Amino acid sequence: MTSVDKPTDHTTTGQADPDSNTKAVTEAALFEAFGGLRGMLETVLPGLLFVTIYTVDKDLKMSAIAALGVSLLLVVVRLAMRDTVKHAFSGVFGVGFGVVFAMMTGNAKDFYLPGMLYTLGLALAYIVTTLAGVPLIGLILGPVFKENLSWRTRNPGRKKAYAKASYAWGCILLAKCAILFPLYWWADTTQLGWILVALKIPPFLLAVWLTWVFLAKAPAPIDVFAEMEAEEAARAEAERTSP
């Protein structure tokens, strides 16, 4: 067992409770991975603008242009602030596909279809990867926690937590799809749009909260980067002291 694997006795060092540290690290990592409040706003704003404009004047072209324009603006703002653009870029691609679908078919509801199909595919990916023994949430968060794939073979408690979290994400997203797809066929564009906007944040927050609960109770991640640095330092020291 490496020093990274070994638990630290905080009762004699006066350091903070390890459970509190784990929960704080987990919370910070989840915010980094999923974009936090700003990422959520960037996800909601284009769709909200589309359905608002379409509700007012039923102009598909204007609604689509406005949604795509605000998505691009969010990327520009991110670039100007030298911030990570992965969440804003994902929004641009999602809105872009929606605009293409809607303009090709002339049906405003098709603006939402690519995102709905993506949600369904993501739900299935969470479940299938977990059944295969490589839960998707672990693949997403492993690099954020600097553990990469060490949880698969060296940290079974953490792998179990990732499996629970992935199942939670999959089931929540499937439940969301079970609401949206019937509405795609039965509801009009504005009804579908407003319900979709309303369902953007709550299921996401529930999934993130459950992920936090599962991981906060799991063993701490193994920092494989720190291990590699320690091994390199040990080799360098051995070379320096060898005759």
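Residues numbered from 1 in each chain as written. Predicted model: local features only at pLDDT ≥ 70, side-chain atom pairs only at ≥ 80, totals over all residues. Heavy atoms only, no water.

Further remarks concern unusual backbone geometry. The phi dihedral of Lys146 is positive, around 65°, even though this residue is not glycine. Unusually for a residue other than glycine, Asn148 sits at a positive phi of about 50°. Relative to the helices and strands, Asn148 resides in the loop between helix H7 (136-141) and helix H8 (150-153). In this structure Asn148 comes out as partly exposed when scored by relative accessible area, which is 30%. (Helix = DSSP H or I, 4+ residues; strand = E, 2+ residues; numbered from the N terminus. Buried < 20%, exposed > 50% of the residue type's maximum accessible area, 1.4 Å probe, protein only.)

A few words now on the confidence of the model for the protein. Scored by pLDDT, the protein has a mean of 83; 81% of the residues are at 70 or more. Segment residues 1-16: pLDDT under 50, and 13 contacts once partners within four positions in sequence are set aside and those in other chains are kept. (pLDDT = per-residue confidence, 0-100. Contact = heavy atoms within 4.5 Å.)

Within the largest apolar cluster, 23 residues are counted, with the highest numbers of intra-cluster contacts made by Phe50, Leu60, Phe111, Tyr112, Met116, Leu180 and Leu192. Sorting elements by how many residues they give to this core places helix H3 (residues 36-57) first, with four residues. For Tyr112, the contacting residues outside a window of four places in its chain are Phe50, Val51, Thr189, Leu192, Gly193 and Leu196. In terms of nonpolar packing, the next biggest core, distinct from the first, is built from 22 residues, Tyr126, Ala161, Ile172 and Val208 among them. (Core = buried A, V, L, I, M, F, W, Y, C linked by side-chain atoms within 4.5 Å.)

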